[in-house]
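Here are the chains, one letter per residue:
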Amino acid sequence: MLGNPQARIEIIEVGCFTCPFTKAAEPLVQEVLDRYEGKVAFYFKYFPLPQHSYSIEASQAAECARDQNRFWEYKELLFTRQLECVGQPDEAHLRALYTQFATDAGIGTGQFNQCLDSGKYKDYVEGQKQENIGAGVYATPTFYINGKAIVAPKSVEEFSKVVDQELALLGQ
C-alpha cells in the first residue's frame with residue numbers, strides 16, 4: 001500500500017508489468033497520488049496477461065521483492081525497463097536481469113533468487129489473476145476507486161472526477 005492507510009479513498013490498480021498500456025498509466029498514477037496526498041490508499045493487484053511475454057515471471061519477482069519490503073522500488077524498475085525485460089531471449093537472461101533489478105533496488109539477491117527458485121508466489125499470482133477474471137477485469141490497467149471501475153484512463157481528469165465524487169460523498 002502507498003499513501004495513507006487510514007484514507008477513505010481506496011484505489012486499486014489491476015495491472016500487468018509487461019503490458020505497455022499499464023506502463024503508460026504510471027505517470028497518471030503518480031500524478032493522482034501527488035494530487036490526493038494523504039487522502040488515498042493505493043494498491044496494486046496482478047493481472048498477468050498471457051499475450052505479454054514474461055508477465056507471470058514479473059509478478060512473481062515483484063512478490064519476491066515485497067518479501068524484502070522493496071515492492072514499490074521493484075515495480076518502478078519493471079516498468080522503467082519494460083522493453084528490456086520483454087526483449088530477453090529466454091528465461092535465463094530474464095532471470096539475470098531480474099537479479100540485477102534486485103541489486104539496484106537494494107534487495108538481498110540470495111533471498112530473492114531463492115524465492116524465485118522456489119516458485120513461492122506462483123499460486124498467489126495465479127489466484128489474483130483468477131480473482132480479477134471473476135471480478136470482470138478484461139483489460140489492463142483497470143482501476144477501482146472505492147469499487148468504481150475505470151479502464152485504461154487517458155487523463156488525470158478521469159481519475160479526479162471519480163475521486164472528487166467519492167470525497168464529496170464522504171464529506172471531505
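Residues numbered from 1 in each chain as written. Predicted model: local features only at pLDDT ≥ 70, side-chain atom pairs only at ≥ 80, totals over all residues. Heavy atoms only, no water.

Q: Give me the overall build of the protein chain: which residues, what numbers.
A: When helices and strands are tallied, the protein chain shows eight helices and five strands. The C-alpha radius of gyration of the protein chain comes to 16 Å, within 12% of the 16 Å expected for a compact globule of 172 residues. Counting only C-alpha atoms, the protein chain reaches 50 × 30 × 25 Å along its principal axes. In the protein chain, which comprises 172 residues, the proportion classed as buried is 48%. Taking all contacts inside the protein chain whose residues are at least 6 apart in sequence as the whole, residues at least 24 apart take part in 73%. Carbon together with sulfur atoms contributes 52% to the accessible area of the protein chain, which is approximately 8,500 Å² in total. Mean positive and mean negative side-chain charge positions of the protein chain (16 and 23 charges, respectively) differ by 4 Å. (Helix = DSSP H or I, 4+ residues; strand = E, 2+ residues; numbered from the N terminus. Rg over C-alpha atoms; globule rule 2.2 N^0.38 Å. Buried < 20%, exposed > 50% of the residue type's maximum accessible area, 1.4 Å probe, protein only. Contact = heavy atoms within 4.5 Å. Areas by Shrake-Rupley, 256 points an atom, 1.4 Å probe, with all protein chains shown as cover. Lys, Arg positive; Asp, Glu negative; His and termini not counted. Charge placed at Lys NZ, Arg CZ, Asp CG, Glu CD.)

Q: I'd love a proper account of the sheet that holds strand E1 (residues 2–3), names of residues and values included.
A: An order of E1-E3-E2-E4-E5 is seen for the five strands of this open sheet, with the pairing classed as mixed. Sheet topology places E1 and strand E5 (148–151) at the edges, where each strand pairs with a single neighbour. Alignment of strand E4 (residues 142–145) against E5, held across four bridges, turns out to be antiparallel. Each residue of the ladder has a partner; that of tyrosine 144, found in E5, is alanine 149. Relative to the sheet, helix H1 (residues 20–35) contacts E1, strand E2 (9–15), strand E3 (40–46) and E4, its axis offset from that of E2 by approximately 165°. (Pairing = 2+ DSSP bridges. Axes fitted to C-alpha atoms, helices over the stretch in contact; angles between N-to-C directions.)

Q: Give me the lowdown on the layout of surface pockets, citing residues and values where you can.
A: Here the idea is plain: a probe the size of a water molecule rolls over the atoms and shows the empty space left. By volume, the largest pocket is sized at about 240 Å³. Leu2, Glu26, Pro27, Val29, Gln30, Leu33, Trp72, Lys75, Glu76, Phe79 and Thr80 are the residues that line the largest pocket. Those elements that place two or more of their residues in the lining of the largest pocket are H1 and helix H3 (71–80). When grouped by side-chain class, the residues that make up the lining of the largest pocket number six nonpolar, two polar and three charged. Each pocket or cavity is described by its volume, and for the second largest pocket that value is around 190 Å³. Residue lining of the second largest pocket: Ile56, Glu57, Gln60, Ala61, Glu91, Leu94, Arg95, Tyr98 and Leu116, and that is the complete set. Looking at the lining of the second largest pocket, the elements with two or more residues in it are helix H2 (55–66) and helix H5 (91–104). Of the residues in the lining of the second largest pocket, the class split is five nonpolar, one polar and three charged. (1 Å grid on protein atoms, 1.4 Å probe; cavity = no way out; pocket = protein on both sides within 12 Å on 5 of 7 lines; lining within 4 Å. Points joined across faces, edges and corners; volume = space filled by probe spheres on them. Nonpolar A, V, L, I, M, F, W, Y, C, P; charged D, E, K, R; others polar.)

Q: An account of the packing of H2 against H5 is needed here, citing residue identities and associated values.
A: Relative to each other, H2 and H5 sit at 30°, their axes nearing to 12 Å. Judged on the interaxial angle alone, H5 and H2 are roughly parallel. Where H2 crosses over H5, the two elements pack in a sense that is right-handed. Every residue of H5 that contacts H2 at Glu57, Ala58 and Ala61 is listed here: Glu91, Leu94 and Tyr98. Of the residues that constitute the contact of H2 with H5, the class distribution is four nonpolar, no polar and two charged. (Parallel < 35°, antiparallel > 145°, perpendicular 65-115°, else oblique. Left-handed = near helix turned anticlockwise from the far one by under 90°.)

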